[in-house]
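Okay, here's what each chain looks like letter by letter:
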Amino acid sequence: MQSFDRDHVPKDKRSLVIIDSVVYDITDFAAMHPGGEQLLNEHKGTDVTELFYAYHRQDVLDKYQRLQVGTIKGEKPKILRNVPGQISQVPYAEPSYLQGFKSHYYKQSHHDLRIAVRKFLKEHAYEEAVVGEETGEAASQELFEKLGSTGILAMRMGPGPHLKPFQLIGGVKPEEFDYFHEMIVHEEFSNLGFPGFQDSLATGMVIGLPPIMHFAKKQVKERVVPLVLTGKKRICLAITEPGAGSDVANIKTRAVLSPDGKHYIVNGVKKWITGAKQSDFFTTAVVTDGGISMLLIERTEGVETKQIKTSYSSAAGTSYIVFENVKVPVENLLGVEGGGFLVIMYNFNHERWFIIAGIIAACRAIVSECFKWANQREVFGKKLLEQAVIRFKLANMISEVESAHNWLENMTFQMTQMSYKEQSIKLAGPLALLKFRATRCAHDVSDDACQIFGGRAITKTGMGRNVEAFQRTYKFAAILGGSEEIMADLGVRQAMKFFPKNARL
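An account of the accompanying structure is given in this report.

Thresholds, definitions, all that
Residues numbered from 1 in each chain as written. Predicted model: local features only at pLDDT ≥ 70, side-chain atom pairs only at ≥ 80, totals over all residues. Heavy atoms only, no water. Core = buried A, V, L, I, M, F, W, Y, C linked by side-chain atoms within 4.5 Å. Buried < 20%, exposed > 50% of the residue type's maximum accessible area, 1.4 Å probe, protein only. Helix = DSSP H or I, 4+ residues; strand = E, 2+ residues; numbered from the N terminus. Contact = heavy atoms within 4.5 Å. Axes fitted to C-alpha atoms, helices over the stretch in contact; angles between N-to-C directions. Parallel < 35°, antiparallel > 145°, perpendicular 65-115°, else oblique. Left-handed = near helix turned anticlockwise from the far one by under 90°. Nonpolar A, V, L, I, M, F, W, Y, C, P; charged D, E, K, R; others polar. Phe/Tyr/Trp six-rings, centres within 6.5 Å; stacked < 30°, edge-to-face > 60°. Lys NZ or Arg CZ within 6 Å of the ring centre and 35° of its normal.

### A few points about the nonpolar core
With 114 residues, the main nonpolar core has Met155, Met205 and Leu209 as its most contacted residues. Broken down by element, this core gets its largest block of residues, 16 residues, from helix H14 (residues 348–376). Non-local contacts of Met155, meaning those with residues more than four positions away in its chain, are made with Leu113, Thr150, Leu163, Leu168, Ile169, Val172, Phe177, Glu182 and Val185. Of all hydrophobic cores here, the second largest spans 17 residues; its members include Ala276, Val303, Val328 and Leu333.

Here it is in structure tokens:
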């Protein structure tokens, strides 16, 4: 690397520019520049730091590191660089305990885990996510098995004995792993910023594997769970149908016992099933003679998955599933025949909590994007951040996110202190209301972020790409796992159960 005097960077034969004390040779790149070669040539030999950051994200510099040819003598970079695993210094870009505030929820192991998972995802998943979000390619088998070998997949399933076979990333011990550790892992996946690709990273497992872990027969559990947690096989939850969403009792997929009593013969369809396109196992709600039941169906003859195009990337594998005369061993019944509602309801609180953690983390990431953009974007001769109306929008976003996250921490703490039975009684209502509040928060954050970023918020590439992806996909959280309307009503109905009959104004 050559050392240059700032006032003597060559301006003749080669196109050299300075960006934050680093000299880049963009001669051969100039012809490929979207803004045209002439625009770059006008700035030969000059410092284009402010101009660069007005139009480009920092990862452009990472992508074109090969163009670096030197540095400016006696100068060091002034702009904070995004380093894998680092904690952001932008106000409200991180949970408060990471920004100097006190908390009794977190220990050192929580901090170490967040850093380790964030670093892992940046180094092993980010580049694949960039491509996959655009092309519709789901997470590779190689990435899945890396997630498995580090224990990350197992950690997404929460505390429990399933963690013991793994040496967990970040040095956390299986016996000390709690719901705050799990929450952190979910938050870091959401921080990737590629919603469709993120859902290909085992969202189907988070909601589809618990019924196997808790209700499958021993031999089925011992065969399937290790395959999924090590990333060798994938699984999804198949409940929703074209005519049955929140009203699970209306499902039509039928499972009839074969004459020899050894198999269920399954016929029917499922729709909007996340991860189904890549799945090897389908945790499926069916109608049997005994009522609603749950079956583990393996990808076999008679199972067909058809991609559904939704508002986010096809990488998520959202699919329509057709079951046509599929033979399912009776041993694959989860729980008892007619006991499907118990199996489904068993994981509803956890599923909603997982969705809440993800959408609040996504909201926080958008707050960070907006704060940084408002600080660097100049309009009418001054930064956006100097405009009172922009500060008001940031204040609105920050206050909503912080409120929702504090409620999430409270609910997570309750989960660490309560038995499953107590959680089922006490947390169903509050979690439903928190999901409603979190997705309303996402709506408001999206609206304000779009106004702050303007046209960039509706452009899939460039400075506003993360905001564009968020505003196009945040409604998934408001629908999946129970719609806002169902959640709001459930929360109040649950409260009514504890309402004292003799209470009066």
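Text resumes after the structure shown.
### Things to note about the packing of helix H15 (residues 388–417) against helix H17 (residues 428–453)
Running from N to C, H15 and H17 point in directions that differ by 160 degrees, and their axes come no closer than 9 Å. With respect to H17, the element H15 is oriented roughly antiparallel. H17 is crossed by H15, and the crossing has left-handed handedness. Considered class by class, the residues forming the contact of H15 with H17 number 16 nonpolar, two polar and six charged.

### Points about the packing of aromatic side chains
Within this structure, the stated rule accounts for 15 aromatic pairs. Arranged with centres 3.7 Å apart and planes meeting at 15 degrees, the rings of Tyr97 and Tyr106 form a pair that is stacked. On the accessibility criterion, Tyr97 (14% relative accessible area) is buried. Here Tyr106 falls in the buried class, since its relative accessible area comes to 11%. Look at Tyr106 and Phe180: their rings are 5.3 Å apart centre to centre, the planes differ by 70 degrees, and that puts the pair in the edge-to-face class. You can see Tyr106 sitting in the loop between strand S4 (68–72) and helix H4 (108–124) and its partner Phe180 sitting in helix H8 (residues 179–190), a full 74 residues away along the chain. Each member of the pair, Tyr106 as well as Phe180, carries the same accessibility label: buried. Following the ring pairs from residue to residue traces out a cluster consisting of Tyr97, Tyr105, Tyr106, Phe180 and Phe413. Positioned above the aromatic ring of Tyr126, the side-chain terminus of Lys122 is 3.7 Å from the ring centre.

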